Amino acid sequence: MLALPTGVFRGQTGNRRYVVSKTLFNSGKSLKLVAEELGGNDYISLNFYRLHKGARLYPCEMSAQKVSDFILNLRPQTDQDDA
């Protein structure tokens, strides 16, 4: 998740395409990620915190498994993908 681009980008997981927004807070110690499926109804939202006692993932009104699966399978779209 930390390797994903910061800002707004397009990505794909499986055969679904998303517009994704990743915003950093507290000098990168926390982040918010929101993804909306293009042409569909899927929605992903989470907060992630890097704390002294370890990393914490807080999905917003969905299962941690759904969020984890999304993050592990998300492939950001590159400029070459548009060609």
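Just so we're clear, the structure is a prediction, and the values are computed from it rather than from any experiment.

A. Spotlight on the sheet that holds strand 5 (residues 54-59). Strand order in the open sheet formed by 6 strands is 5-4-3-2-1-6, and the pairing between neighbours is antiparallel. The strands lining the two open edges of the sheet, one partner per strand, are strand 5 and strand 6 (75-76). Two elements, strand 3 (residues 30-37) and strand 4 (residues 43-51), share 7 bridges in a ladder whose sense is antiparallel. Bridge pairing in strand 4 links Leu33 to Leu46.

B. Focus on helix 1 (residues 64-73). Within the span of helix 1, buried status applies to Val67, Phe70 and Ile71. The arc that holds every buried residue of helix 1, seen down its axis, measures 95°, which confines them to one face. More than 90 degrees from the buried face of helix 1, the exposed residues found are Gln65 and Leu72. The inward-facing, buried residues of helix 1 contact strand 1 (7-13), strand 2 (16-25), strand 3, strand 4 and strand 5.

Calculation rules
Residues numbered from 1 in each chain as written. Predicted model: local features only at pLDDT ≥ 70, side-chain atom pairs only at ≥ 80, totals over all residues. Heavy atoms only, no water. Pairing = 2+ DSSP bridges. Helix = DSSP H or I, 4+ residues; strand = E, 2+ residues; numbered from the N terminus. Buried < 20%, exposed > 50% of the residue type's maximum accessible area, 1.4 Å probe, protein only. Arc of directions from axis to C-beta. Contact = heavy atoms within 4.5 Å.

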